[in-house]
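Okay, here's what each chain looks like letter by letter:
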Amino acid sequence: MDTENREHIHAVVVGSGFGGSVAAFRLAEAGRSVVVLERGRAYPPGSFPRTPAEMSRNFWDPKAGIYGMFDVLNFRKLQAVTGSGLGGGSLLYAGVLLRKDEKWFVDEEPLPGGGYEDWPVTRADLEKHYDAVEKMLAPTPMPFDRPGYSETPKTIAMRDAARRMGAEWSLPPLGITFSAKPGLPPEPGTRIAEVEYKNLHGAVRRSCRMCGECNIGCNDGAKNSLDHTYLSAAKAKGAEIRTSSEVVRIAPRARGGYEVDYLVHDPDAGPAAFKHSKQLSCDVLVLGAGTFGTVGLLLRNRANFPGLSRALGTRFSGNGDVLGFMLRATEGGPRTLAASQGPVITSSIRFPDGLDGVAGQRGGYVQDAGFPLFVDWLVEGSRVSKLGARAARFVGDALAGSLSLSRSPHSGARLSSLLGCGLLSDTSMPLLAMGRERPEGRLSLRRGELDLRWRHESSRDYFTLAGARMRAIAESDGAEYRDNPMGRGGRVVTVHPLGGAPMAVTEHAGVCDPHGQVFGFPGLYIADGSVMPGSVGPNPSLTIAALADRLCDRMLETSRPASGQARARAEKAPPRPSTTSGLRFREKMVGTYALGGTRSQAFTLRLSVEIPDLDAFLADPKHRADVSGWVDCSTLGGRQVVQGTLELLTRHATPVGARMYYRLNTVGRDGEPRVILGCKDVQRRSAWGLWRDTTRMWVRVYRGTLGTVDYVHTRHRTARVRVRVRDLPRMVRTFQAFGPRRSRTIRRFLGFFAAQLLGVARQVPNDPDPDSPAFRLVRINAPWRKRR
Ligand SMILES: Cc1cc2nc3c(=O)[nH]c(=O)nc-3n(C[C@H](O)[C@H](O)[C@H](O)COP(=O)(O)OP(=O)(O)OC[C@H]3O[C@@H](n4cnc5c(N)ncnc54)[C@H](O)[C@@H]3O)c2cc1C
Ligand code: SF4
């Protein structure tokens with residue numbers, strides 16, 4: 001469709017999970033026009049599938065014509081389960097809403113495969129957003145102190161195991177309603193009072209019946225899932241919600257904002273159904289399609305987003321999920337666990353981390369994971385050998401009855417024997433471990449489909465501990481333990497996929513900034529599990545929602561919607577040319593760094609150079625550009641953010657030739673400011689000499705900040721770095737112009753670069769400015785001169 005004729009909305013939110021729903025509500029509440037596009041359908045209470053025929057079609061696979069709620073993704077070493085429907089993962093989640101542990105927001109923690117896990121936010125940054133989300137989702141622990149709830153066997157088993165092990169046991173807050181109104185005593189199956197914003201389904205909700213079906217959708221509406229809370233509130237504030245709407249294409253618009261193309265599915269029409277395609281445009285685009293949805297959309301549309309961070313796809317983790325089973329619990333005799341009684345998860349045991357002061361440990365949680373009642377039948381049915389013997393006995397008895405060999409006509413005992421006593425299902429229960437897995441997986445595209453490179457080896461210590469913790473819980477309750485029974489061929493099953501579009505301080509390490517805005521694309525935000533730079537540790541939904549709430553604060557502060565009239569004018573008016581054009585590129589320099597007689601250490605600079613206005617840059621005799629990025633050197637304290645300026649082929653500081661000065665601020669290991677000064681001295685006449693001079697740089701590190709540092713008397717350290725030939729093609733690919741006439745901008749910049757080098761090669765004399773501080777600095781510290 002013609003770009004000008006698209007329906008225009010201020011904000012489009014893709015996906016209605018924990019991030020998308022929060023964003024939709026906050027934007028609608030602030031009076032912005034909002035459309036939510038959700039690929040799945042809506043599930044009012046009572047509509048979640050239960051029959052075998054319905055359950056067999058309750059999966060998401062549009063190519064096969066099925067549009068159900070479970071999206072199961074199989075990768076080589078990992079299988080993931082996520083939700084598809086209005087409310088995203090909240091439709092099938094267990095309701096656990098835990099905050100991420102304060103000390104687990106790690107800062108620059110090195111990873112075995114290279115790079116760092118770095119949370120650019122702290123628990124303190126998130127506290128008020130956790131509060132805001134909790135106000136809406138109303139988490140409360142199962143009322144274990146009340147009669148009827150206090151006898152829940154699996155909760156008692158977990159508490160007893162924790163006591164015996166001396167571990168920290170708790171009843172986690174659950175987004176589930178147990179009573180008719182806050183303050184009233186809990187009562188199963190009672191009608192829940194309506195909230196001031198009306199429920200979008202217009203259906204009656206009833207309090208929790210303790211039926212253990214949370215993971216297949218709560219037909220009572222007792223779970224405070226996002227459709228009953230955030231999305232209902234967003235709709236009441238004017239947000240428009242479009243279900244069965246799958247976004248397939250996104251792209252920036254020439255005059256700002258984004259285009260969004262989506263398919264409208266007809267879930268009842270099967271695979272041959274005609275899918276309508278629709279288009280929208282918007283000022284703000286929020287991607288909340290979940291880890292696989294958002295990363296898949298960005299990877300498939302990468303060509304539309306030149307310069308998108310190379311970190312796309314990185315830092316994937318399954319939040320350390322491991323599924324275990326405790327079987328045949330005994331305590332003198334068989335011990336009932338009744339996994340289907342109560343909400344799916346009722347209790348949690350926390351295991352501390354090295355960061356909590358317990359050396360050598362990677363922290364995590366183990367929770368009881370119940371299952372719906374009908375799974376008991378599957379468990380019993382799975383004991384085929386025993387069932388076969390019982391069935392043979394039943395058929396034999398029936399035959400004897402039909403031949404009148406048996407005297408009694410009653411079949412009750414025979415039928416009872418056929419069904420067995422249900423001991424296995426009654427004394428067994430799943431356990432779910434999660435925790436601080438290292439985020440070293442990478443998502444990419446393979447023949448147009450998502451692919452994952454993930455191995456549990458990089459977190460072997462964590463996974464070994466998680467298995468040992470679950471075994472200890474099982475054995476403490478006198479049960480056998482089975483590891484990962486669902487993962488075939490050693491595959492881990494995760495319900496908490498995270499990462500792939502990590503947030504970070506710079507675009508070298510992440511796809512979006514700590515407020516979820518994608519680097520280089522104003523107005524494009526990511527609000528879902530994909531922004532996590534590492535495992536959350538506990539169940540992640542509350543943290544995903546809190547980060548989305550924080551993102552909205554920043555977005556609402558910085559983006560103002562056009563008024564109705566202004567928008568109408570803008571729509572009619574021809575695109576207004578932006579007045580400035582500029583460009584940006586990235587460069588990586590590697591080398592060594594030595595202090596006095598100490599051993600050399602690796603020293604890497606990863607920098608983003610931005611020229612915001614090319615005209616101003618060319619007119620400036622110092623040709624200044626902005627620089628941001630990282631310096632990576634263990635003596636300086638690992639990886640540190642740098643920010644500063646670059647004078648690019650400035651010619652006034654040297655009689656002939658040209659120089660490139662890098663002036664960068666950073667912070668050392670001791671928390672004190674440092675200044676990194678780098679200089680490329682371009683003097684030689686031959687092509688080879690010019691290549692060497694423009695790619696090699698001497699670097700000095702000083703204490704202090706730019707402007708205050710006394711360059712002459714401060715003790716300094718020296719490094720030598722260079723651009724490697726193999727990094728050059730990558731660097732060239734990062735060149736990105738913006739503003740009007742982009743190819744002309746690139747041509748003008750390259751023309752400037754070539755002219756400066758030509759001047760050097762011909763030894764055209766310069767007109768140095770002896771008063772320039774840069775000139776004085778170069779005369780004082782010129783190690784590159786001594787080498788020549
Ligand atoms: C069985 C199970 C139990 C769980 N229990 C818990 C728990 O107790 N506590 C907890 O914290 N977490 C739990 N989780 C995990 C939790 O559900 C997820 O972490 C959470 O839902 C992720 O939120 P999100 O915003 O990243 O995305 P999601 O909630 O996954 O939402 C993404 C939405 O985007 C939609 N979408 C995807 N692609 C597109 C597209 N192209 N166009 C339009 N829409 C699209 C999807 O249909 C989906 O609705 C559980 C998960 C499972 C599977
Ligand atoms: S236990 Fe049953 S009633 Fe309670 S929240 Fe879960 S599915 Fe709903």
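Residues numbered from 1 in each chain as written. Chains lettered and ligands numbered in written order. Predicted model: local features only at pLDDT ≥ 70, side-chain atom pairs only at ≥ 80, totals over all residues. Heavy atoms only, no water.

## Details of the overall build of the chain
- Across its full length, the chain carries 19 helices and 33 strands.
- Put simply, 70% of the contacts in the chain that link residues at least 6 apart link residues at least 24 apart.
- Of the accessible surface of the chain, which amounts to about 34000 Å², a share of 53% is contributed by carbon and sulfur atoms. (Helix = DSSP H or I, 4+ residues; strand = E, 2+ residues; numbered from the N terminus. Contact = heavy atoms within 4.5 Å. Areas by Shrake-Rupley, 256 points an atom, 1.4 Å probe, with all protein chains shown as cover.)

## A look at the site of ligand 1
- Within the structure, ligand 1 sits among 36 residues, and Glu38, Arg39, Gly89, Gly529 and Ser541 are positioned closest to it.
- One of the backbone N or O atoms of glycine 529 is found 2.8 Å from an oxygen atom in ligand 1.
- If ligand 1 stood free it would expose 990 Å²; the protein chains cover 93% of that surface.
- Of all elements in the fold, only α1 (18–29), β6 (78–83), β11 (245–252), α6 (290–300) and α12 (541–558) reach the threshold of two or more residues within the shell around ligand 1. (Near = heavy atom within 4 Å. Polar contact = N/O pair within 3.5 Å; in protein donor to acceptor, adjacent residues only side chain to side chain.)

## Looking at the environment of valine 121
- Within the secondary structure, valine 121 sits in the loop between β8 (116–117) and α3 (123–137).
- For valine 121, the contacting residues outside a window of four places in its chain are Phe105, Met503, Pro514, Leu547 and Arg550.

## What to know about the sheet that holds strand β9 (residues 168–170)
- Strand order across the open sheet formed by 6 strands is β9-β17-β18-β19-β14-β22, with antiparallel pairing between neighbours. In this open sheet, the two strands that pair with only one neighbour each are β9 and β22 (480–483). Along the sheet, successive strands turn relative to each other by an average axial angle of 25°, direction set aside.
- Sheet topology note: the strand β14 (residues 322–327)/strand β19 (residues 429–435) ladder contains 5 bridges and is antiparallel. Note that in β19 the partner of valine 322 across the bridge is alanine 433.
- Lying on the sheet, helix α11 (residues 460–476) is in contact with β14, β17 (348–351), β18 (364–368), β19 and β22; it crosses β19 at an angle near 145°. (Pairing = 2+ DSSP bridges. Axes fitted to C-alpha atoms, helices over the stretch in contact; angles between N-to-C directions.)

## Overview of the pattern of salt bridges
- If you walk through the whole model with that rule in mind, you get 45 salt bridges.
- Residue arginine 50 pairs with glutamate 213 through a salt bridge whose shortest N-O separation is 2.9 Å. Linking arginine 50 in the loop between β2 (34–37) and α2 (52–56) with glutamate 213 in the loop between β9 and α5 (230–236), this pair joins segments that are 163 residues apart in sequence.
- Linking glutamate 127 and arginine 99 is a salt bridge whose minimum nitrogen-to-oxygen distance equals 2.7 Å. (Salt bridge = Lys/Arg side-chain N within 4 Å of Asp/Glu carboxyl O.)

## Details of the packing of helix α4 (residues 153–165) against α11
- Contact pair α4 / α11: the axes reach a minimum separation of 9 Å and the direction vectors enclose 105°. One finds that α4 runs roughly perpendicular with respect to α11. Only Arg469, Ala472, Ile473 and Ser476 of α11 make contact with α4, whose side of the interface consists of Met158, Ala161, Arg164 and Met165.
- Looking at the contact of α4 with α11 residue by residue, the classes come out as 5 nonpolar, 1 polar and 2 charged. (Parallel < 35°, antiparallel > 145°, perpendicular 65-115°, else oblique. Nonpolar A, V, L, I, M, F, W, Y, C, P; charged D, E, K, R; others polar.)

## A few points about the packing of aromatic side chains
- What the rule picks out here adds up to 23 aromatic pairs.
- Ring centres 5.1 Å apart and planes at 75° place the aromatic pair phenylalanine 305 and phenylalanine 521 in the edge-to-face group. Of the two residues, phenylalanine 305 sits in the loop between α6 and β14 while phenylalanine 521 sits in the loop between β23 (492–494) and β24 (524–526), which places them 216 residues apart along the sequence.
- Each member of the aromatic cluster is reached from another via a ring pair, and the members are Phe585, Phe617, Phe735, Phe749, Phe752 and Phe753.
- Seen from the ring of phenylalanine 105, lysine 100 lies directly overhead, with NZ or CZ sitting 5.2 Å from the centre.
- For the cation-ring pair, lysine 100 lies above tryptophan 119, with the distance from its terminal atom to the ring centre recorded as 4.2 Å. (Phe/Tyr/Trp six-rings, centres within 6.5 Å; stacked < 30°, edge-to-face > 60°. Lys NZ or Arg CZ within 6 Å of the ring centre and 35° of its normal.)

## A few points about the confidence of the model for the chain
- When pLDDT is averaged along the chain, the result is 85; 83% of the residues meet or exceed 70.
- Contacts from residues 573–577, a stretch scored under 50 in pLDDT, to residues over four places away or in other chains number 1 contact.
- Confidence over residues 770–788 falls short of pLDDT 50; this stretch has 37 contacts with residues more than four positions distant or in other chains. (pLDDT = per-residue confidence, 0-100.)

## Brief notes about the site of ligand 2
- Taken together, the residues surrounding ligand 2 are Ile176, Cys208, Arg209, Met210, Cys211, Gly212, Glu213, Cys214, Cys218, Asp220, Gly342 and Pro343.
- Most atoms of ligand 2, that is more than half of them, are within 2 Å of grid points of the second largest cavity.
- Among the residues making up the shell around ligand 2, the classes are represented as 7 nonpolar, 2 polar and 3 charged. (1 Å grid on protein atoms, 1.4 Å probe; cavity = no way out; pocket = protein on both sides within 12 Å on 5 of 7 lines; lining within 4 Å. Sits in = over half its atoms within 2 Å of the grid points.)

## A look at the sheet that holds β6
- Read from one edge of the open sheet, 3 strands run β5-β6-β23, paired in mixed fashion. Single-partner strands in this sheet number two, and they are β5 (70–74) and β23. Strand-to-strand twist of the sheet, defined as the mean angle between neighbouring strand axes without regard to direction, takes the value 15°.

## Points about empty space enclosed by the protein
- Scanning the entire structure with this criterion turns up 4 cavities of 30 Å³ or more.
- If you go around the second largest cavity, you meet 15 residues; those closest to its centre are Cys208, Cys211, Glu213, Cys214 and Cys218.
- For the lining of the second largest cavity, a count of residues per class yields 7 nonpolar, 3 polar and 5 charged. (Points joined across faces, edges and corners; volume = space filled by probe spheres on them.)

## Thoughts on unusual backbone geometry
- Phi at serine 244 is positive, roughly 55°, even though this residue is not glycine.
- Mapped onto the elements of the fold, serine 244 is located in the loop between β10 (240–242) and β11.
- Its relative accessible area of 10% is what places serine 244 among the buried residues.
- One non-glycine residue, alanine 338, lies in the positive phi region at around 40°. (Buried < 20%, exposed > 50% of the residue type's maximum accessible area, 1.4 Å probe, protein only.)

## Observations regarding the packing of α3 against α12
- Two elements in contact, α3 and α12, have axes whose closest approach is 8 Å; the angle formed by their N-to-C orientations is 105°. The orientation of α3 relative to α12 falls into the category roughly perpendicular. Each of Asp125, Leu126, Lys128, His129, Tyr130, Ala132, Val133 and Glu134 in α3 lies in contact with α12, whose residues at this interface are Leu542, Thr543, Ala545, Ala546, Leu547, Asp549, Arg550 and Asp553.
- Grouping the constituent residues of the contact of α3 with α12 by class yields 8 nonpolar, 2 polar and 6 charged.

## A closer look at the pairing of β19
- Among the 7 residues in β19, 7 count as buried, and that is most of the element.
- Where burial is concerned, the two faces of β19 agree: the one with Met429, Leu431, Ala433 and Gly435 and the one with Pro430, Leu432 and Met434 are both buried.
- Strand direction decides the pairing type here: β18 and β19, joined by 5 bridges, are antiparallel. Bridge assignment links glutamine 367 to a residue of β19, and that residue is leucine 432.

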